[in-house]
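Chain by chain, the residues run as shown.
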Amino acid sequence: MSINRKLRMGMIGGGPGAFIGAVHRIAANIDGEIELVCGAFSSNAEKSKQAGGQLYLTPERSYASFSEMIEKEKALPEDVRMDFVSIVTPNHVHFEPAKLAMENGFDVVLDKPMTFSLAEAHALKQVATQTGRTFCLTHTYTGYPMVKQARQLVASGVLGAIRKVYVEYPQGWLSTFAEGESSNKQAGWRTDPSKSGMAGCMGDIGTHAFNLAEYVSGLQVSAVCAELNIVVPGRALDDDGAVLLKFNNGATGVLMASQIAAGEENNVKVRVYGEKGGIEWQQQDANTLQVKWLDKPTEIYRTGTGYVSSYAAHNSRTPAGHPEGYLEAFANHYRNFALTVKARRTNNEPKPEWLDFPGIEDGVRGMAFVENVVKSGKSNEKWLPFTL
């Protein structure tokens, strides 16, 4: 038995002025597995209704608050109500709706970082465990086919024992005091400690770099030594930083994240080196993976080819040479989440390739990264154990 229909999605956040909400909606729609049926798109009831109308939802399913949406959707017949919630709000409005949704029987897709604090992350993990709900955290970059290929190559052992990991995420969009512009909603909440949390740059994009480093290497960070900077005068949170890393196999690494690297866009990049060779991937050439060898020429892997792993192949949609990018990588998380939910609801075992999306453990480790890095950045001792 299978669910022969689209999963019904409700969205929290993503209304007027939001960037990431539209990205989530496009990504969820790409593979035809999901449809948007309701939403609480803004904390302002009028704006939420307006957004719902623009998305062709009926007025009665454009809600004034996330609590109203969850309560009323739960009361609807099973063949009508939403199946899961996508939460695309600023960080301080992640925990409560995610907790409420899971406690009321709904699965959850949540934008990163998972919560406002590590304490909230642990509490949300407990809720996910107790309810058994399927949970996806949208760390976009692990959705790329060539990132999955890199992970599989490292895991296969062909590079030998991993010795070194470099990961970087340079941006330049906060090189000026953009939060001082009333029209720049994105800069406003991302640099506000009451909405973003204790970290700015490290919480926003440093968590992506951290997640990518652990995902590709298959290792876990065991200690950090961080230097965080506030470069732009008047800014309340870090906009630049670097972290030395130690991994649980003895390997070392370097993580760089900056939002004041003028002229840079979003060229997140990861390099992992073993005894016999290394891999290199960057978003600006997302369909290419370089595999470098100690004793032979560099190999070039490409998305959509016949020689890639089942994980890379499953997450590709077009023949080789046709670019697949950010939206498709995002969509891979939504599709794998949807396939997993459908399988579990019919008591079937999801395929390993379907289960390859970020989950609750990634969220906890991401918040631990934020708190450990901020603690190290403020400490004179510098090297600190990575604690959960």
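Analysis parameters
- Residues numbered from 1 in each chain as written.
- Predicted model: local features only at pLDDT ≥ 70, side-chain atom pairs only at ≥ 80, totals over all residues.
- Heavy atoms only, no water.
- Axes fitted to C-alpha atoms, helices over the stretch in contact; angles between N-to-C directions.
- Helix = DSSP H or I, 4+ residues; strand = E, 2+ residues; numbered from the N terminus.
- Parallel < 35°, antiparallel > 145°, perpendicular 65-115°, else oblique.
- Contact = heavy atoms within 4.5 Å.
- Nonpolar A, V, L, I, M, F, W, Y, C, P; charged D, E, K, R; others polar.
- Polar contact = N/O pair within 3.5 Å; in protein donor to acceptor, adjacent residues only side chain to side chain.
- Pairing = 2+ DSSP bridges.

### A look at the packing of helix 5 (residues 118-131) against helix 12 (residues 360-378)
Next, step 1: It is the contact of helix 5 with helix 12, at a shortest axis distance of 9 Å, that shows an interaxial angle of 170 degrees. When the axes of helix 5 and helix 12 are compared, the pair comes out roughly antiparallel. Judged by residue contacts, Leu118, Ala121, His122, Leu124, Lys125 and Ala128 of helix 5 engage Ile360, Glu361, Val364, Met367, Ala368 and Glu371 from helix 12.
Next, step 2: When the residues that make up the contact of helix 5 with helix 12 are grouped by side-chain class, the tally is 8 nonpolar, 1 polar and 3 charged.

### Description of the side chain of Arg190
Next, step 1: Mapped onto the fold, Arg190 is located in helix 7 (residues 185-190).
Next, step 2: A distance of 3.2 Å separates a polar atom in the side chain of Arg190 from a polar atom in the side chain of Asp204.
Next, step 3: Not counting residues within four places of it along the chain, the set of residues in contact with Arg190 comprises Trp173, Ser196, Gly200, Asp204 and Leu237.

### Concerning the sheet that holds strand 2 (residues 34-40)
Next, step 1: Spatially, 2-1-3-4-5 is the arrangement adopted by the 5 strands of the open sheet, whose pairing is parallel. Strand pairing shows two members of the sheet lacking a second neighbour, strand 2 and strand 5 (135-137), which therefore form its edges. Pairs of neighbouring strands in the sheet enclose a mean axial angle of 20 degrees, with direction left out of account.
Next, step 2: The pairing of strand 4 (residues 107-110) with strand 5 spans 3 bridges and is parallel. From the neighbouring strand, Leu110 faces strand 5, where its bridge partner is Leu137.

### Overview of the pairing of strand 12 (residues 288-293)
Next, step 1: Judged from the 4 bridges that link them, strand 11 (residues 277-282) and strand 12 form a sheet pairing that is antiparallel. Among the inter-strand pairings, Gly278 is bridged to a residue of strand 12, identified as Lys292.
Next, step 2: Pairing analysis gives 4 bridges linking strand 12 to strand 13 (residues 299-302), with the strands arranged antiparallel. Residue pairing across strands places Gln290 opposite Ile300, the latter belonging to strand 13.
Next, step 3: The antiparallel pairing of strand 12 with strand 13 creates a hairpin that spans 5 residues between the two strands.

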